[in-house]
Amino acid sequence: MTSTIRKFIFHDLQTIEGYIDPPDALVFLSLLQGQQERSFTGALAEIGVFYGRSYFLLRKISGDDAPILAIDLFNIGRTVDGGSAQYSRFLENGRRLGMHVDEEMVIRGDSTMLEPARLTDKIGKIRFFSIDGGHMLRHVAADSRLAMESLADHGVIAFDDTFNPAWPEVTVGMADFLRTGGGAFCAFCMTKYKTYVCRREFHAFYTSLIADSADLAAFDHVETEFLGSKVARLHNPISRRMLYELMVRSGMSAFSERVYR
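Residues numbered from 1 in each chain as written. Predicted model: local features only at pLDDT ≥ 70, side-chain atom pairs only at ≥ 80, totals over all residues. Heavy atoms only, no water.

A count of helices and strands for the chain gives 9 helices and 9 strands. Over its C-alpha trace the chain gives a radius of gyration of 18 Å, about what one expects of a compact globule, namely 18 Å for 261 residues. Seen through its C-alpha atoms, the chain measures out along the principal axes to roughly 55 × 45 × 40 Å. Looking at the chain as a whole, 52% of its 261 residues are labelled buried. Taking as baseline every contact in the chain between residues at least 6 positions apart, the subset at least 24 positions apart corresponds to 67%. (Helix = DSSP H or I, 4+ residues; strand = E, 2+ residues; numbered from the N terminus. Rg over C-alpha atoms; globule rule 2.2 N^0.38 Å. Buried < 20%, exposed > 50% of the residue type's maximum accessible area, 1.4 Å probe, protein only. Contact = heavy atoms within 4.5 Å.)

The next subject is the state of the cysteines. Under the defined criterion, the tally for this structure stands at 0 disulfides. Unpaired in terms of disulfides, C189 finds its nearest cysteine sulfur in C198, a separation of 11 Å. Free of any disulfide, C198 has its nearest neighbouring cysteine sulfur in C186, separated by 4.7 Å. Taking the relative accessible area as the measure of exposure, C198 reaches 0% and is therefore buried. (Disulfide = S-S within 2.5 Å.)

The next subject is the side chain of T162. In this structure, T162 sits in the loop between β5 (151-160) and α7 (168-180). One polar contact links T162 to T195, side chain to side chain, over a distance of 2.8 Å. (Polar contact = N/O pair within 3.5 Å; in protein donor to acceptor, adjacent residues only side chain to side chain.)

Once that is clear, we can look at the packing of helix α6 (residues 137-150) against α7. The N-to-C vectors of α6 and α7 enclose an angle of 35°; their axes lie 8 Å apart at closest approach. Considering how the two elements wind past one another, α6 and α7 form a crossing that is right-handed. In contact with L137, V140, S144 and M148 of α6, α7 contributes E169, V170, V172, G173, M174, D176 and F177. Within the contact of α6 with α7, the residues separate by chemical class into 7 nonpolar, 2 polar and 2 charged. (Axes fitted to C-alpha atoms, helices over the stretch in contact; angles between N-to-C directions. Left-handed = near helix turned anticlockwise from the far one by under 90°. Nonpolar A, V, L, I, M, F, W, Y, C, P; charged D, E, K, R; others polar.)

Before going further, it helps to examine the environment of K122. Looking at where K122 falls in the secondary structure, it is placed in helix α5 (residues 116-123). Here K122 falls in the partly exposed class, since its relative accessible area comes to 31%. Sequence separation of K122 and D143 is 21 residues, and the distance between their C-alpha atoms is 17 Å. When neighbours within four sequence positions are excluded, K122 is seen to be in contact with L69, E104, M105 and I107. A polar contact of 2.7 Å, which involves the side chain of K122, links it to the backbone oxygen of E104.

Further remarks concern the sheet that holds strand β9 (residues 229-235). Taking strand neighbours across the sheet as the criterion, the 9 strands line up as β3-β2-β1-β4-β5-β7-β6-β9-β8 in an open arrangement whose pairing is mixed. Every interior strand has two partners, whereas the edge strands, β3 (106-108) and β8 (220-226), have only one. Neighbour to neighbour, the strand axes of the sheet diverge by 20° on average, direction disregarded. Of the strand pairs in this sheet, strand β6 (residues 185-190) and strand β7 (residues 194-199) are connected by 5 bridges, and their pairing is antiparallel. Paired with A187 across the two strands is V197, which belongs to β7. Contacts from helix α2 (residues 22-37) reach β1 (43-47), β4 (126-131), β5, β6, β7 and β9 within the one sheet, and its direction differs from that of β4 by about 165°. Running at roughly 180° to strand β2 (residues 68-72), helix α3 (residues 53-62) makes contact with β1, β2 and β4 of the sheet. (Pairing = 2+ DSSP bridges.)

Right, dumping it as structure tokens:
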């Protein structure tokens with residue numbers, strides 16, 4: 001099963017416009033499979049769907065029957081009949097990949113205006129919550145509160161674009177979330193683009209999961225400290241990134257998975 005998902009990550013996923021790269025896709029895979037092996041129950045959710053790259057990754061890993069809540073304004077472009085071009089492309093990507101989109105589990109609107117009960121009434125508690133919506137401080141503050149209050153005890157929140165100099169308020173918002181929550185949450189993993197956090201009592205579990213994951217063995221695991229907790233920073237050397245990009249652009253995406261073994 002893992003080999004099938006890796007093939008999807010390094011081939012099919014790259015046909016969808018979006019921003020989740022192989023390192024974070026492999027972190028998603030490691031975390032979600034680790035939760036499943038531990039029988040950690042709960043739904044999946046993401047704020048910021050774009051055209052569905054991370055959504056269909058979540059679907060591929062968790063299966064057709066898993067509840068996945070997708071939240072986005074879907075306000076990019078218009079079709080000839082006045083509908084959302086972004087939403088149409090999202091659904092079309094699902095049809096092309098043969099992957100199910102439950103439209104009853106799609107919220108087309110402003111995530112900052114949602115209450116946690118709106119989410120939990122639909123799908124129950126959430127075990128994995130990806131935040132990639134608005135990148136201003138007020139967006140991150142609202143979205144992190146929404147995630148925290150709808151998260152299962154064993155849940156993970158993935159913050160996108162942390163430490164990206166183009167979006168400095170994302171890092172401020174994520175740090176504020178960790179600092180003002182009374183120490184309830186802490187970071188356990190960082191990549192070039194994302195920071196992963198959990199409740200403090202599950203820090204050891206997720207730290208071990210990242211350290212022991214065969215799918216993450218290709219990366220250098222560098223221990224650092226962030227706001228009072230030990231964090232595994234997964235370093236992806238630029239030489240590997242360049243080789244991967246070269247293979248994809250040369251039409252060799254089917255073989256690019258070998259770069260990350």
